[in-house]
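# Per-entry structural report
So the chains spell out like this:
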Protein chains: 2
Amino acid sequence: MATSEPRATGGDQDPNSANLRPPSTTYEYAWMHGCTRKLGMKICGFLQKNNSLEEKGRLAGHKSFLACDNSDRDARFRRTETDFSNLFARDLLPAKNGEDPTMQFLLEVVDILTNYIKKTFDRSTKVLDFHHPHQLLEGMEGFNLELSDQPESLEQILVDCRDTLKYGVRTGHPRFFNQLSSGLDIIGLAGEWLTSTANTNMFTYEIAPVFVLMEQLTLKKMREMIGWPSGEGDGLFSPGGAISNMYSVMIARYKYFPEVKTKGMSAAPRLVLFTSEHSHYSIKKAGAALGFGTENVILLSTDERGRVIPADLEAKIIDAKQKGYVPLFVNATAGSTVYGAFDPISEIADICEKYNLWLHVDGAWGGGLLMSRKHRHKLNGIERANSVTWNPHKMMGVPLQCSAILVREKGILAGCNSMCAGYLFQPDKQYDVTYDTGDKAIQCGRHVDIFKFWLMWKAKGTVGFEQHIDKCLDLSQYLYNKIKNREGYEMVFDGVPQHTNVCFWYIPPSMRGMPDSEERREKLHRVAPKIKAMMMESGTTMVGYQPQGNKVNFFRMVISNPAVTQSDIDFLVDEIERLGHDL
Amino acid sequence: MATSEPRATGGDQDPNSANLRPPSTTYEYAWMHGCTRKLGMKICGFLQKNNSLEEKGRLAGHKSFLACDNSDRDARFRRTETDFSNLFARDLLPAKNGEDPTMQFLLEVVDILTNYIKKTFDRSTKVLDFHHPHQLLEGMEGFNLELSDQPESLEQILVDCRDTLKYGVRTGHPRFFNQLSSGLDIIGLAGEWLTSTANTNMFTYEIAPVFVLMEQLTLKKMREMIGWPSGEGDGLFSPGGAISNMYSVMIARYKYFPEVKTKGMSAAPRLVLFTSEHSHYSIKKAGAALGFGTENVILLSTDERGRVIPADLEAKIIDAKQKGYVPLFVNATAGSTVYGAFDPISEIADICEKYNLWLHVDGAWGGGLLMSRKHRHKLNGIERANSVTWNPHKMMGVPLQCSAILVREKGILAGCNSMCAGYLFQPDKQYDVTYDTGDKAIQCGRHVDIFKFWLMWKAKGTVGFEQHIDKCLDLSQYLYNKIKNREGYEMVFDGVPQHTNVCFWYIPPSMRGMPDSEERREKLHRVAPKIKAMMMESGTTMVGYQPQGNKVNFFRMVISNPAVTQSDIDFLVDEIERLGHDL
């Protein structure tokens, strides 16, 4: 399926369409440009219907006519219109005379993106325009996902860009609460655009001098906030919290049993890892991947708020030792995924010290609170950790992906992972090769995740992150206060949330007063999925739900998007009640 | 160190500066805009020198004066100038009235990026402007990498963006040959800009419907090109070839010893992996990380071209079995990092079949040749592999990162990695949850690496990739023919290169005719690093070097950038001779 004829996008009538180009008083230039294109596309569409390639060819020669037509509106902005239907990727740079079409094409893409950005922040826009997989696969009004042998025109490529955004989910929308990562930070976005333009790799100073130094300085700053003396230590940005957590297990093993690197797990006794039953599943995944086995990842009991009970940790350590196993590693979660719980790090650190265990703090979600003077006490004791995971792409609103693994002991990352590949990390370079960080990683190539974060930190300052975090936590408390005694709501756990997680059941009127029973539990279990499905179909908002332990499906509200206001919280509550009223 | 006063960039006099804004006949709008800003900055600079905040304040009020001054040149493009020195991140969206400054800021960033792109393709621009780490850390003429508590103005943020590009390396420059990944594909770049604007995550269809389907279709297409029946099988995009290779080892282990997932490596006998001594170090890294131990990664001997000798593989399998070890996995490299060698996959597959071993093909670098009818025979037998690594971000010019792990057996990725986290992968959603791919991955969040690749494939077609690959291989042959008998060159191995890798020593005149001796070897070992250092200091070109086995440092030329022409190859040869002549 190959064609150079643009397929029309079906979005023009959709109020959610990223395709609409409303007149903008500020960007007349962009607007006129958009209008001209749309007119051209309509004519193209007409010709397509008439199946006349000859006529289409003539149209290309008459683009100046379109431009002229446009000039009636505002002579100042008249310019030659680019006919993307006769342009292909091969006409762009590095092609001869490719500079002009390249710039026109990129500006057109930017026009699509800036329109999308404006709509993302516009509450009258839907969060998503839901379609089932089979619908998208069958092809939506000209949006064909299949790849072909022959090239498509740039006109079609631009249509595909618009459609990709149209059928996606606006994770930056003020009413998108579905994930720990949400929001669309403009500085971070600019940072990502620059990062992809620079298109380089973190493994050596040689090809990423500025980014390597930015990473080094930023990691040091993060270690200072953790409270390690002078910010000393080590670290890396990794492709997400799961990989960061995996690093922590690897280096703990290397610290206590370095011979595993060369001889494998058979060189070590039966090692066990401890983590809360509320902790992220990546600790178990790491246990499976690294050869410990999930049975040797021992789950710790928590209190009703989802926080590890230190006595349970100690009892399980003693039990494991009695069985002849060797306790190695404890993960304390700072901000659990569902409840937003902070394990008592100090008490856990005491136990780790007593039994000489590696203490890792998974602050993927809660690490951001270190930026807040008001809330950082929730992580008290983190300065005693041996390693910390901290994802700026969650609570701090940095675009995906941005996760750091931070390590207190310098050099251990390299010790654990280096293989000294001569073709990449030559010792005889003209600069100080200790800046070549690649051999510390389990990756070879490593994406530049630092720049957007560095730029955001420059632009906001530490105080900017602090204000953002304090605001999000205030909003959560607002939600908590609003629903804790409201008719039709039950809280999953009592008390003010520690993080922005607010967990609750919505009880439809038909179920209120129903006595607790298996029937009620089963019914309640189906409420959140039903409401969520309706939310997605109507596209008005998105919030997550899940069961946890013996608790049936409940909503988990989280806030990390700076665009959220109290009115959006009110909207969510109204929407849940509207959709759930008749269940 | 916090200030809202813009620090002037030092790049104005530098011909390499991304900061210069030469008049562009095409983009008068952008040009005028740039000029105005520069004039504004110069005045700001003057006021800073005079230390008068009051005067600076008055200037802000007189921005209209600057705009007026500008209008003399071309009244049509007069517009109100944005004063970024008084704007901060907090003034951008979602701030009230933030739309206007947001669009102005993003357009300004795009202006910086498009200028950078133009210069990247301009051969009169340097590849890099080299500085030592300590120089950049000390601060280059206003470019301060340190983070502060207080926010910087957007003016400063824009200066930082320019400086970041100025002191970086132009990996898209036609004379950057340093890495397997090079070039700056405009469609891929547009794809990345869109990806970061969409800012979502691959783990569920729920929040990445379009991207999840694109990944599925593209992986299927790749499996078809590998030659698996009907393109059936499984796969994922992962954060680079090293992680993709790690996946292959994990799933091989799961296939033969599924109980390792729960019980750890102690549930399996002593397992051994086989890979060539020329293979990528990530196989060893995987061996270390996953608990096999590097000693259980057995290196295979190669012929003089760096290709595995199948008889050596069989002998080592037999040897391992005799020692009581259990052979598990063989990695065949399709395009080795240094020599570009293709292991004989068919013969290796015969042996794997005979001994019932998992066959992985690491086609991170060479996989792209599957797109070429002329060159795909080098991967004959790949259809017999159990898994394949293939990095479109290398030979196919897709922006970093874009790496696929492809698996012949459906369902095994999920079997190996799933932990069934209820809070993320709810079975009771309204859509077909088999599209939720997250639990197949060792990651939780997963960056969207597919869109840029999908868009490039749409825009170029399979034929476009084929032409690119054929052209790069032709250019390598051109280089090979040019230097194979040229005075002052010695080839590291004989014969036409299998991939674009051309490996050679340059022998300076002072060493020619010198008999082979330890002294000559030591001297020659220092030649490539010296030439490379001078290249980087002069910024004219970049090419890699390394030792390999008992071979002293030699140059490894690779070509994957579509911007490269014969004239660039000629330039490299001339440059090596110019810089190396007097060594």
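Residues numbered from 1 in each chain as written. Chains lettered and ligands numbered in written order. Predicted model: local features only at pLDDT ≥ 70, side-chain atom pairs only at ≥ 80, totals over all residues. Heavy atoms only, no water.

- An unreviewed UniProt entry lists chain A under the name Glutamate decarboxylase 1, with Channa argus given as the organism.
- Among the UniProt annotations of chain A, the heading Sequence similarities (unreviewed entry) holds the following wording: "Belongs to the group II decarboxylase family." (UniProt positions renumbered as here; feature names shortened; annotations may be inferred.)

## Structural notes on unusual backbone geometry
Residues and elements named next belong to chain A.
- The step from leucine 93 to proline 94 runs through a cis peptide bond, and the omega angle for that step is 10°.
- Cis peptide bonds are those with omega within 30 degrees of zero, and the linkage from leucine 400 to glutamine 401 qualifies with -5°.
- Mapped onto the elements of the fold, glutamine 401 is located in the loop between strand 7 (387-390) and strand 8 (403-407).
- Residue glutamate 141 is not a glycine yet carries a positive backbone phi of 35°.
- Turning to its location among the elements, glutamate 141 is positioned in the loop between helix 5 (133-138) and helix 6 (154-166). (Helix = DSSP H or I, 4+ residues; strand = E, 2+ residues; numbered from the N terminus.)

## Quick word on helix 9 (residues 241-256) of chain A
- In this model helix 9 of chain A runs 23 Å from its N-terminal to its C-terminal C-alpha over 16 residues, within 8% of the 22 Å that 1.5 Å per residue would give.
- Here helix 9 of chain A lies mainly inside the structure; 13 of its 16 residues are buried. (Expected span 1.5 Å × (residues − 1). Buried < 20%, exposed > 50% of the residue type's maximum accessible area, 1.4 Å probe, protein only.)

## Quick word on the pairing of strand 3 (residues 271-276) of chain A
Residue and element names in this part refer to chain A.
- Summarising burial for strand 3: six of the six residues are buried, a large majority.
- The alternating pattern of strand 3 places Leu271, Leu273 and Thr275 on one face and Val272, Phe274 and Ser276 on the opposite face, and all of these are buried.
- When strand 3 meets strand 4 (residues 297-300), the two strands line up parallel, connected through four bridges. By the bridge assignment, leucine 273 is partnered in strand 4 with valine 297.
- Assessed by its sense of winding, the connection that carries the chain from strand 3 through helix 11 (residues 282-289) to strand 4 is right-handed. (Pairing = 2+ DSSP bridges. Right-handed = clockwise from strand over helix to strand, strands pointing away.)

## A closer look at the nonpolar core
- Ranked by size, the top nonpolar core spans 311 residues in total, and within it A:Phe105 and B:Phe105 carry the most contacts.
- A domain-level breakdown of this core finds at least three residues from each of domain 1 (28-148) and domain 2 (200-449) of chain B.
- Residue contacts for A:Phe105: discarding those within four places in its chain leaves A:Phe84, A:Leu92, A:Leu154, A:Ile157, A:Leu158, B:Ile186, B:Ile187 and B:Ala190.
- By size, the runner-up hydrophobic cluster in this structure holds 60 residues, among which are A:Phe329, B:Phe292, B:Val297 and B:Trp358. (Core = buried A, V, L, I, M, F, W, Y, C linked by side-chain atoms within 4.5 Å. Domains from an automatic or database assignment. Contact = heavy atoms within 4.5 Å.)

## Regarding the interface of chain B and chain A
- Contacts between the two partners involve 156 residues from chain B and, on the opposite side, 156 residues from chain A.
- Roughly 14100 Å² of surface becomes buried between chain B and chain A when both sides are summed, with 66% attributable to carbon and sulfur atoms.
- If you look at where chain B meets chain A, you find eight salt bridges.
- For the salt bridge of B:Glu295 with A:Lys263, the shortest nitrogen-to-oxygen distance reads 3.2 Å.
- Linking chain B to chain A there are 61 residue pairs in polar contact (both at pLDDT 80 or more). (Buried area = accessible area lost by both parts, 1.4 Å probe. Salt bridge = Lys/Arg side-chain N within 4 Å of Asp/Glu carboxyl O. Polar contact = N/O pair within 3.5 Å; in protein donor to acceptor, adjacent residues only side chain to side chain.)

## A word on the environment of B:Val127
All names here are of chain B.
- Summarising the element assignment, valine 127 is placed in the loop between helix 4 (99-120) and helix 5 (133-138).
- Overall, valine 127 belongs to the buried group, its relative accessible area being 0%.
- Counting along the chain gives 408 residues from valine 127 to methionine 535, while the straight-line C-alpha distance between them is 9.6 Å.
- With residues near it in sequence (within four places) discarded, valine 127 still touches Gly168, Val169, Arg170, His173, Arg175, Phe176, Gly539, Thr540, Thr541 and Met542.

## Things to note about the environment of A:Gly513
Residue and element names in this part refer to chain A.
- Within the secondary structure, glycine 513 sits in the loop between strand 10 (502-506) and helix 16 (518-538).
- Overall, the relative accessible area of 79% leaves glycine 513 in the exposed class.
- Separated by 25 residues in sequence, glycine 513 and glycine 488 have C-alpha atoms that sit 9.9 Å apart.

## Some points on the UniProt feature "modified residue: N6-(pyridoxal phosphate)lysine" (unreviewed entry) in chain A
Residues and elements named next belong to chain A.
- According to UniProt, the positions carrying the feature "modified residue: N6-(pyridoxal phosphate)lysine" (unreviewed entry) are Lys394.
- Tracing the sequence through the fold places lysine 394 in the loop between strand 7 and strand 8.
- Note on lysine 394: relative accessible area 15%, which makes it buried.

## Structural notes on helix 11 of chain A
Residue and element names in this part refer to chain A.
- Along helix 11, seven of the eight residues are buried, which leaves the element largely enclosed by surrounding structure.
- Considered for burial, the residues of helix 11 that qualify are Ser282, Ile283, Lys285, Ala286, Gly287, Ala288 and Ala289.
- Of the residues flanking the end of helix 11, it is glycine 291, one or two places downstream, whose phi is positive at about 95°.

## A few points about the environment of A:Glu192
- For A:Glu192, the location among the structural elements is in helix 7 (residues 186-198).
- With a relative accessible area of 5%, A:Glu192 lands in the buried category.

## Thoughts on the packing of aromatic side chains
- Under the counting rule described, the total for this entry stands at 37 aromatic pairs over all chains.
- Between the aromatic rings of B:Phe237 and B:Phe453, the centroid separation amounts to 6.2 Å while the plane-to-plane angle is 65°, which identifies the pairing as edge-to-face. One end of the pair, B:Phe237, is in strand 2 (residues 234-238); the other, B:Phe453, is in helix 15 (residues 450-483), with 216 residues separating them in the sequence.
- On the accessibility criterion, B:Phe453 (0% relative accessible area) is buried.
- Considering the side-chain rings of B:Trp457 and B:Phe465, the 6.0 Å spacing of their centres and the 85° angle between planes classify their relative orientation as edge-to-face.
- The class of B:Phe465 is buried, set by a relative accessible area of 1%.
- Site record: aromatic cluster; members linked through ring pairs are A:Phe143, A:Tyr167, B:Phe211, B:Phe451 and B:Trp454.
- One cation-aromatic arrangement involves A:Arg175 over A:Phe571; the distance from NZ or CZ to the ring centre is 3.9 Å.
- Above the face of the B:Phe88 ring, B:Arg90 is positioned so that its terminal group lies 4.5 Å from the ring centre. (Phe/Tyr/Trp six-rings, centres within 6.5 Å; stacked < 30°, edge-to-face > 60°. Lys NZ or Arg CZ within 6 Å of the ring centre and 35° of its normal.)

## A few points about the pattern of salt bridges
- All chains considered together, the criterion is met by 62 salt bridges over all chains.
- A:Glu206 is the salt-bridge partner of A:Lys429, the closest N and O atoms lying 3.1 Å from each other. Placement of A:Lys429 in the loop between helix 14 (412-417) and helix 15 (450-483) and of A:Glu206 in the loop between helix 7 and helix 8 (209-226) is noted, with a sequence separation of 223 residues between them.
- With relative accessibility at 11%, the residue A:Lys429 sits in the buried group.
- The exposure class of A:Glu206 is buried, given its relative accessible area of 5%.
- Each of A:Glu206, A:Lys429, A:Asp436 and B:Lys532 takes part in one network of salt bridges that share partners.

## Points about the packing of helix 4 of chain B against helix 6 (residues 154-166) of chain B
All names here are of chain B.
- It is at 11 Å that the axes of helix 4 and helix 6 come closest, and there the two elements cross at 15°. Relative to helix 6, the element helix 4 is oriented roughly parallel. For helix 4 against helix 6, the interelement crossing comes out right-handed. Contacts from Phe105, Glu108, Val109, Ile112, Leu113 and Tyr116 of helix 4 reach helix 6 at Leu154, Ile157, Leu158, Cys161, Arg162 and Leu165.
- Its residues assigned to classes, the contact of helix 4 with helix 6 comprises 10 nonpolar, no polar and two charged. (Axes fitted to C-alpha atoms, helices over the stretch in contact; angles between N-to-C directions. Parallel < 35°, antiparallel > 145°, perpendicular 65-115°, else oblique. Left-handed = near helix turned anticlockwise from the far one by under 90°. Nonpolar A, V, L, I, M, F, W, Y, C, P; charged D, E, K, R; others polar.)

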